[in-house]
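Listed here are the chains, written in short residue letters.
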Amino acid sequence: MQLRPGEMALMRQMALQLAGISLDDSKGYLIETRLGPIAERVGCTNFNELYFRTRYSANKELLQDIVEAITTHETIFFRDGAPFEALQYKLLPEVIDARERLGQPRKLRIWSAACSTGQEPYSIGIVLHELLRDLKGWDIQIIATDIAKATLQAAERGIYASHDIARSAKPALMKQYFEPVDGGFRVVDSVRKLVQWRQMNLLEPFSGIGQFDIVFLRNVLIYFEAEPRRDLARRVGDTLLPHGWLVVGAAENLLDAGPQFVPQTHCRATVYQPKLVPAGKA
Ligand SMILES: C[S@@+](CC[C@H](N)C(=O)[O-])C[C@H]1O[C@@H](n2cnc3c(N)ncnc32)[C@H](O)[C@@H]1O
């Protein structure tokens, strides 16, 4: 199905309404190849009809299929390396020290806020095992959220093809924390049980999500327009505990999100501590 004049603008509006995703005119191929088959399946003869179907339809399955199709799920275990080094050697040790100083229980809450097919939260779980070994006496929660339901279901299964495992830059850890099963390799139970999954649109209020020691908000800000992106950064900042850290993607920064977002570099990763506003910046 080909886009007709004026239909790209309607598809752009639809992507913004459903997921806050900003599609520019160069994404025409994505609409035609990913949304064309969905439009045909539900009996639409053009994209104009699909737009009005999504506006006035309560067909949740159709809306979910469209969200799945317009979102990009590219991810990899230990993506970019540096943030996971920073997690292991700087962020977690400091969070643990801060909690100990305050006499708090041995608890850690970490949010992977656009977790795609699960490589990011599982990589976080592996780092926790590497740092704290058997995790005895620790209450650890990794909350993994994404807007795309089928993607989240795949993440929860925790089974990956051999090429997904091979793409990781940490082959020794992949060997240690994955076991062969029918259809690929499954992340071991001791890591899998640390993760809780939740479908969530980041541009809507985070109802009941709670407070976190560390948030990974990586490779998702790039899809949003400036104001919702700034608002998201501030709301995510608000979910952090006073000693909490925020990690964004290698191609992302929070320079325009407010004075509380002062970049720090640790282990070559850019991270933020928005609750610790430097004097004179508040
Ligand atoms: C490129 S992946 C990033 C995965 C992982 N964080 C990483 O850095 O490898 C982007 C993810 O953001 C999700 N996403 C896009 N828009 C979203 C929204 N409005 N709310 C929540 N998740 C969203 C997509 O479904 C996709 O899984």
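These figures come from a predicted structure and were not determined experimentally.

K.L.:
Provide a residue-level description of the overall build of the protein, including the pertinent values.
P.N.:
If you tally the helices and strands in the protein, you get 11 helices and 10 strands. On C-alpha atoms alone, the protein measures out to a radius of gyration of 20 Å, which is about the 19 Å that the 2.2 N^0.38 rule sets for 282 residues. When the backbone C-alpha atoms are referred to their principal axes, the protein occupies close to 60 × 55 × 30 Å. Going through the 282 residues of the protein one by one, you find that 50% of them count as buried. Taking the intrachain contacts of the protein between residues at least 6 apart in sequence as the baseline, contacts between residues at least 24 apart amount to 74%.

K.L.:
Lay out the pattern of salt bridges in plain terms, naming residues and giving numbers.
P.N.:
Under the criterion given, the structure shown has 16 salt bridges. Taking the shortest distance from any N to any O, the salt bridge between Arg230 and Glu227 comes out at 3.0 Å. Placement of both Arg230 and Glu227 in helix α11 (residues 226–238) is noted, with a separation of 3 residues, approximately one turn of the helix. Judged by its relative accessible area of 22%, Arg230 is partly exposed. Residue Glu227 is classed as partly exposed on the basis of its relative accessible area, which comes to 42%. Look at the salt bridges and you will find they share partners, linking Glu227, Arg229, Arg230, Arg234 and Asp256 into a network.

K.L.:
Please provide a residue-by-residue account of α11, values included.
P.N.:
In an α-helix there are 3.6 residues to a turn, and that puts residues three or four apart on one side. Over its 13 residues, α11 runs 19 Å from end to end, which matches the ideal 18 Å to within 8%, given 1.5 Å per residue. Regarding α11, the residues found buried are Leu232, Ala233, Arg235, Val236 and Gly237.

K.L.:
Outline the sheet that holds strand β4 (residues 178–181), supporting the account with residue identities and numerical values.
P.N.:
Within a sheet, each strand pairs with its neighbour through backbone hydrogen bonds, oriented either parallel or antiparallel. Taken together, 3 strands build an open sheet; the order of strands is β3-β5-β4 and the sheet is antiparallel. Two strands lie at the open edges of the sheet, namely β3 (159–160) and β4, each paired on one side alone. Looking at chain direction, β3 and strand β5 (residues 184–187) are connected through 2 bridges and run antiparallel. In the sheet register, Tyr160 faces β5, and the bridge partner there is Phe185.

K.L.:
Provide a residue-level description of helix α6 (residues 119–132), including the pertinent values.
P.N.:
If you check α6, its first and last C-alpha atoms are 20 Å apart, about what 14 residues at 1.5 Å a residue would give, namely 20 Å. Positive phi appears at Arg133, one or two residues downstream of α6, with a value of about 60 degrees.

K.L.:
Please give an account of the site of the ligand that cites residues and values.
P.N.:
What surrounds the ligand is a group of 22 residues, the closest being Thr75, Arg79, Ala114, Asp146 and Asn219. Take Arg79: an N or O atom from its side chain is 2.7 Å from an oxygen atom of the ligand. In isolation the ligand has 600 Å² of accessible area, and contact with the protein removes 99% of it. Within the shell around the ligand, the residues separate by chemical class into 10 nonpolar, 7 polar and 5 charged.

K.L.:
Kindly report on the nonpolar core, identifying the contributing residues and their values.
P.N.:
Counting residues in hydrophobic clusters, the biggest one holds 48 residues, and the most contacted among them are Leu35, Leu50, Trp111, Leu202, Leu217 and Leu246. Considering every element that reaches this core, the biggest residue donor is helix α1 (residues 7–19), with 7 residues. Inspection of this core shows a minimum of three residues originating in each of domain 1 (7–70) and domain 2 (82–272). Contacts of Leu217, omitting those with residues within four sequence positions, involve Ala113, Leu202, Leu232, Val236, Leu246, Val247, Val248, Gly249 and Glu252.

K.L.:
Which residues make up the domain arrangement of the protein, and what are the values?
P.N.:
For the protein, the assigned domains are domain 1 (7–70) and domain 2 (82–272). The distance between the C-alpha centroids of domain 1 and domain 2 comes to 30 Å. Contact with domain 1, which involves 9 residues of that partner, is made by 11 residues of domain 2. The largest share of the area that domain 1 buries against domain 2 comes from Ser22, Gln64 and Glu68, three residues that together contribute 49% of it. Taken together, the connections running from domain 1 to domain 2 amount to 0 salt bridges. At the boundary of domain 1 and domain 2, one finds 4 residue pairs in polar contact (both at pLDDT 80 or more). Contributions of two or more residues to the side of domain 1 that touches domain 2 are made by α1 and α4 (60–70).

Conventions and cut-offs
- Residues numbered from 1 in each chain as written.
- Predicted model: local features only at pLDDT ≥ 70, side-chain atom pairs only at ≥ 80, totals over all residues.
- Heavy atoms only, no water.
- Helix = DSSP H or I, 4+ residues; strand = E, 2+ residues; numbered from the N terminus.
- Rg over C-alpha atoms; globule rule 2.2 N^0.38 Å.
- Buried < 20%, exposed > 50% of the residue type's maximum accessible area, 1.4 Å probe, protein only.
- Contact = heavy atoms within 4.5 Å.
- Salt bridge = Lys/Arg side-chain N within 4 Å of Asp/Glu carboxyl O.
- Expected span 1.5 Å × (residues − 1).
- Pairing = 2+ DSSP bridges.
- Near = heavy atom within 4 Å.
- Polar contact = N/O pair within 3.5 Å; in protein donor to acceptor, adjacent residues only side chain to side chain.
- Areas by Shrake-Rupley, 256 points an atom, 1.4 Å probe, with all protein chains shown as cover.
- Nonpolar A, V, L, I, M, F, W, Y, C, P; charged D, E, K, R; others polar.
- Core = buried A, V, L, I, M, F, W, Y, C linked by side-chain atoms within 4.5 Å.
- Domains from an automatic or database assignment.
- Buried area = accessible area lost by both parts, 1.4 Å probe.

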